[in-house]
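Close look at the chain arrangement
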Amino acid sequence: MTHVQPKNIRFTAAVIATVLLLLGLALFSPAPLVAQSRVEEDPAEPLQGRPNPRLLPRPAGGIQREAVDEKSMRELLERLVACGTRNSLSSWKDPKRGAGCGRDQIVARLNENANASGGKLQVVVDKFASAAGPRTNNTPAHMENVYGILPGSDPLMSKTAFIISGHFDSRASDVMDPSLDAPGADDDASGVAVSMENARLLSKAAADAGNPFRATLLFAAISGEEQGLLGSARMLEWVKQQGYSVGGMLDNDIVGSDAATNTPHRVRLFSGSGELDDSDSSSRELARAIEEIDGRQAVRLIFNIDRLGRGGDHYVFYKAGQPAVRFTEPLEDYRHQHQTPRTESGIEYGDQIKYLNFTFMGKVAQDNAEALRQLALAPAPPTEVKLSGGISPDAKLAWSSVDDPNRAGYEILWRETTDPRWTVYDFIATGQEGVLKGVSTDNHFFAVRAVGKNGARSIAVSTSTGRNLPF
């Protein structure tokens, strides 16, 4: 005979079991998680309460999503893929197939943008030869980069260049065989399309507003990436030859697909930590600035220089000590990268347009454009930012900067050593120093950034004081 418990007894037993389970979870939860959540156990810094700084609003007139022309981006992609291959070792003279075909499509698009800008955008084809051991058959190979240049309007900032780049060369499974089809839709015609759409958006903004950009903007499509980052090495050399300093380099490489379920997803933004022990390289600060401009809902910070075992054009700038980051789609499908188009065991390989998501790509274009717009409107970052006040109750910051009538002041930033993002501690309208009374030099990291009267912020510059023992 089956024995049936009364409902109230079954309910009581269930409640008791649930309570015991919760107690067990509480008793056996890892201690560090509990300790970190109980921040009220730490003393307040400063004891008297934080300052309430005046925060200027960000610049008005942002790049709107509806301003991005996805149809135009698709058309350029179709023209690039129609070249069959854009391998850097292929023909530079054939107008219908090869690297030269790809170059011609990009130059034509930039010339359209230049005409629409009233001549503000300048188009440059940079021809060079470069060798990369076996990947160029141990001899210098002919290469070409294409640049669209929007000169800055401010004498103080016009020799600072903010760069956006995608590489137009492509490859099949065998990088050394330029005869194979290599459509390269995602890797990296997508990045080229984003760069060229930024040229259109920002040169139009400059024409409409009489060129408000203080710094110079450079819209690049480069070759030689698949042969060993040759085009980016040349671009860095060319920029220096023209007398520019690099304000920031935004590499867009594989930014065309968002095929996972529950789209849309955030674009990944890779940045390296540099040689500092607190992850505050100029590249990391550029990434933080972009995320702050575009929002956490748009950008996913990845605190790695690049994907495991992979590399992109930003790496050359990063290794040279320049602020450089990489945009890449949320979840890559390696069947559609570096593959000769084919079908094997029912699986289709090849980097074709049909695998792209132009809604996602358009959002990436907007994210880049708005970041570049605000960075090019900003004053120069401070220099020689120093932290002092060790073995004392107060943290003291000092920095240097050139005179700038369009600068409103500086924001002092701080963060817990385990936090990824800065918050504003105080605003300094005049002078080049600040004292954080009652704030330990040891419990936080600190930085300073310049703020324009228009509300645009420079990238932050962290304090460079080492934390070595004094003996």
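Below, the structure is looked at part by part. Since the structure is predicted, the reported quantities are computational estimates derived from the model, not experimental observations.

Let us look at the layout of surface pockets. Taken as a whole, the largest pocket encloses approximately 700 Å³ of empty space. Around the largest pocket, the lining comprises 37 residues; the ones closest to its centre are Ser282, Gly321, Pro323, Ile459 and Val461. When the residues that make up the lining of the largest pocket are grouped by side-chain class, the tally is 17 nonpolar, 15 polar and 5 charged.

What follows covers the state of the cysteines. Counted under the stated rule, the structure contains 1 disulfide. Residue pairing for Cys83: its cysteine sulfur links by disulfide to Cys101, the two sulfurs lying 2.1 Å apart. Its torsion about the S-S bond being -75°, the disulfide of Cys83 and Cys101 is classed as left-handed. Here Cys83 is found in the loop between α3 (70-81) and α4 (99-116), whereas its partner Cys101 is found in helix α4, with 18 residues between them in sequence. Cys101 carries the same exposure label as Cys83, and that label is buried.

So, about the pattern of salt bridges. Summed over the entire model, instances satisfying the criterion amount to 29 salt bridges. Linking Asp208 and Lys204 is a salt bridge whose minimum nitrogen-to-oxygen distance equals 2.9 Å. One end of the pair, Asp208, and the other, Lys204, are both in helix α5 (residues 185-208), 4 residues apart, so they sit about a helical turn from each other. For Arg373, the salt bridge is made with Glu370, and the minimal N-O distance between the two is 2.9 Å. Taken together, the residues span about one helical turn, with Arg373 and Glu370 both in helix α9 (residues 358-377) at a distance of 3 residues. Taken together, the shared-partner salt bridges in this structure form one network comprising Asp253, Arg268, Asp306, Arg307, Arg326 and Glu332.

Next up on the list: α4. Between its first and last C-alpha atoms α4 spans 26 Å; for 18 residues at 1.5 Å apiece the expected length is 26 Å, and the two agree. Of the positions making up α4, those classed as buried are Ala99, Gly100, Cys101, Gly102, Arg103, Gln105, Ile106, Val107, Arg109, Leu110, Asn113 and Ala114. Residues of α4 that are buried in the fold lie against α3, β1 (122-130), β2 (141-150), α5 and β4 (216-222). Residue Gly118 follows α4 closely and has a positive phi angle near 70°.

Spatially, 4 strands are ordered β14-β13-β16-β17 in an open sheet, and the strand pairing comes out antiparallel. Of all the strands in the sheet, the pair left with one neighbour each is β14 (423-428) and β17 (461-462). With 5 bridges connecting them, strand β13 (residues 407-416) and β14 associate as antiparallel partners. Within the sheet, the bridge partner assigned to Tyr410 lies in β14 and is Ile428.

Moving on, we come to the packing of aromatic side chains. The full count for this structure, using the stated rule, is 5 aromatic pairs. Ring geometry for Trp92 versus Phe168: centroids 6.0 Å apart, planes at 85°, classification edge-to-face. Of this pair, Trp92 sits in the loop between α3 and α4 while Phe168 is found in the loop between β3 (160-167) and α5, placing the two residues 76 residues apart along the sequence. Each of the two residues, Trp92 as well as Phe168, counts as buried.

If you want to describe how two helices pack, look at the angle between their axes and the distance between the axes. Between α3 and α4, the least distance of the axes is 9 Å, while the angle of their chain directions is 155°. Considering the angle they form, α3 stands roughly antiparallel to α4. Two secondary-structure elements touch here, α3 through Ser72, Glu75, Leu76, Arg79 and Leu80 and α4 through Gly102, Gln105, Ile106, Arg109 and Glu112. Its residues assigned to classes, the contact of α3 with α4 shows 3 nonpolar, 3 polar and 4 charged.

Here the focus is the nonpolar core. Within soluble globular proteins, side chains that are nonpolar tend to cluster in buried spots. In this structure, Ile106, Leu217, Phe219 and Ile290 are the most contacted members of the largest nonpolar core, which totals 65 residues. With 11 residues, the single largest contributor to this core is α9. With residues near it in sequence (within four places) discarded, Ile290 still touches Leu250, Leu269, Gly295, Val299, Val325, Phe327 and Ala371. Ala161, Ile163, Ile222 and Val246 belong to the second-largest nonpolar core, a separate cluster that totals 18 residues.

Moving on, we come to the side chain of Arg103. In this fold, Arg103 is placed in helix α4. Judged by its relative accessible area of 13%, Arg103 falls in the buried class. Separated by 3.2 Å, the side chain of Arg103 and the backbone oxygen of Trp92 make a polar contact. With near-sequence residues (within four places) excluded, Arg103 lies in contact with Trp92, Val125, Glu144, Val146 and Phe168.

Conventions we followed
- Residues numbered from 1 in each chain as written.
- Predicted model: local features only at pLDDT ≥ 70, side-chain atom pairs only at ≥ 80, totals over all residues.
- Heavy atoms only, no water.
- 1 Å grid on protein atoms, 1.4 Å probe; cavity = no way out; pocket = protein on both sides within 12 Å on 5 of 7 lines; lining within 4 Å.
- Points joined across faces, edges and corners; volume = space filled by probe spheres on them.
- Nonpolar A, V, L, I, M, F, W, Y, C, P; charged D, E, K, R; others polar.
- Disulfide = S-S within 2.5 Å.
- Helix = DSSP H or I, 4+ residues; strand = E, 2+ residues; numbered from the N terminus.
- Buried < 20%, exposed > 50% of the residue type's maximum accessible area, 1.4 Å probe, protein only.
- Salt bridge = Lys/Arg side-chain N within 4 Å of Asp/Glu carboxyl O.
- Expected span 1.5 Å × (residues − 1).
- Contact = heavy atoms within 4.5 Å.
- Pairing = 2+ DSSP bridges.
- Phe/Tyr/Trp six-rings, centres within 6.5 Å; stacked < 30°, edge-to-face > 60°.
- Axes fitted to C-alpha atoms, helices over the stretch in contact; angles between N-to-C directions.
- Parallel < 35°, antiparallel > 145°, perpendicular 65-115°, else oblique.
- Core = buried A, V, L, I, M, F, W, Y, C linked by side-chain atoms within 4.5 Å.
- Polar contact = N/O pair within 3.5 Å; in protein donor to acceptor, adjacent residues only side chain to side chain.

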